[in-house]
Amino acid sequence: MADHLEASITLPSDPASVSAARAHVVGTLVEWGMPAETELSDTVRLIVSELATNAVQHTFGQSPTFTVDVALVRDERVYIGVTDSHPRFPKRLPAAVQQDNGRGLVIIRWLMAECGGRLRIRPTREGGKTVSVHLPWTWTVQAAAEAVTAAGQQEP
C-alpha cells in the first residue's frame, strides 16, 4: 500500500448530504482494505454521521457546503475531517432531558477513547473550521483476508 492515500468530497449543506458523506468515507476505506461490516466500519459511519450532521445543522446556513476529507497515512492511521466555512467552534451543550441535539462531539469523544483515536478542532485560513478524528488503522491485508474468510465460514 502507498505511504499516503487521500480522498475528498464537497457536498451541499443539506441533510441529504449526510448519507452521501458516510457512503463516501466508508466506500473509500473499503477500497483501501477495510472490510465493510466491521466494528471499525460501524464506528467510522457514526463519526462521519455526527460530523456531517454538525456541519449541516450548526452552521446556521452560513456554510453552503462542507468538505469531507479522508486519508490513510503509512497504513498506521486514518484521518477523517469535516470542514465548513462557519467560524463558530462547536461547544458542549448542557445535558437537558428535553434537548435532542448537542451530543455529537460527546459521542465522538467516547468513540475516540474506546478505539485509541483523537479528536481535533482547528480554524481554517478562510475563517471556517475543520473537525477531525485520527484513528489507528487496524486493518492489514492479512487481517482483512481473515475477516472475509471468517465471515464466509459462519452459519446463516
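Each remark here, short or long, concerns the structure printed above.
The notes below deal with the structure included here. Fair warning: this is a prediction, and the values are worked out from it, not measured in the lab.

## Thoughts on the side chain of Ser132
Step number 1: Looking at the element boundaries, Ser132 is found in strand β5 (residues 129-136).
Step number 2: Non-local contacts of Ser132, meaning those with residues more than four positions away in its chain, are made with Tyr79, Ile80, Gly81, Arg118, Leu119 and Arg120.

## Overview of the packing of helix α2 (residues 39-57) against helix α3 (residues 104-115)
Step number 1: Between α2 and α3, the shortest axis-to-axis distance is 9 Å and the interhelical angle comes to 155°. Viewed along their axes, α2 and α3 adopt a mutual orientation that is roughly antiparallel. Pair α2 / α3 crosses with left-handed handedness. Counted together, Glu39, Thr43, Leu46, Ile47, Glu50, Leu51 and Asn54 of α2 and Gly104, Leu105, Ile107, Ile108, Leu111, Met112 and Glu114 of α3 form the full contact between these two elements.
Step number 2: Split into classes, the residues belonging to the contact of α2 with α3 amount to 8 nonpolar, 3 polar and 3 charged.

## Structural notes on helix α1 (residues 17-31)
Helical periodicity: at 3.6 residues per turn, an α-helix aligns residues three or four positions apart in one direction.
Step number 1: Taking 1.5 Å of rise per residue, the 15 residues of α1 would be expected to cover 21 Å, and the 21 Å separating its terminal C-alpha atoms lies within 8% of that figure.
Step number 2: Those residues of α1 not exposed but buried are Ser17, Val18, Ala21, His24, Val25, Val26, Thr28 and Leu29.
Step number 3: In the core, the buried residues of α1 are packed alongside β1 (4-12), α2, β2 (65-73) and β3 (77-84).
Step number 4: One or two residues past the end of α1 sits Gly33, with phi positive at roughly 120°.

## Comments concerning the nonpolar core
Step number 1: Counting 32 residues, the largest nonpolar core has Leu29, Val44, Phe66, Ile80 and Leu135 as the members making the most contacts within it.
Step number 2: Breaking this core down by element, the ones donating at least two residues are β1, α1, α2, β2, β3, α3 and β5.
Step number 3: The contact partners of Leu29, leaving out residues within four places of it in the chain, are Met34, Val44, Val70, Val78 and Trp137.

## Describing the sheet that holds strand β4 (residues 118-123)
Step number 1: If you walk across this open sheet you meet the 5 strands as β1-β2-β3-β5-β4, and the pairing is antiparallel. Bordering the open sheet on either side are β1 and β4, each of which pairs with just one other strand. The mean angle between the axes of side-by-side strands here comes to 15°, regardless of whether they run parallel or antiparallel.
Step number 2: Across 9 bridges, β1 lies against β2 in antiparallel orientation. When the sheet's bridge partners are listed, Glu6 is paired in β2 with Ala71.
Step number 3: On top of the sheet, α1 reaches β1, β2 and β3; it is set at about 15° to β2, its chief contact.

Basis of the calculations
- Residues numbered from 1 in each chain as written.
- Predicted model: local features only at pLDDT ≥ 70, side-chain atom pairs only at ≥ 80, totals over all residues.
- Heavy atoms only, no water.
- Helix = DSSP H or I, 4+ residues; strand = E, 2+ residues; numbered from the N terminus.
- Contact = heavy atoms within 4.5 Å.
- Axes fitted to C-alpha atoms, helices over the stretch in contact; angles between N-to-C directions.
- Parallel < 35°, antiparallel > 145°, perpendicular 65-115°, else oblique.
- Left-handed = near helix turned anticlockwise from the far one by under 90°.
- Nonpolar A, V, L, I, M, F, W, Y, C, P; charged D, E, K, R; others polar.
- Expected span 1.5 Å × (residues − 1).
- Buried < 20%, exposed > 50% of the residue type's maximum accessible area, 1.4 Å probe, protein only.
- Core = buried A, V, L, I, M, F, W, Y, C linked by side-chain atoms within 4.5 Å.
- Pairing = 2+ DSSP bridges.

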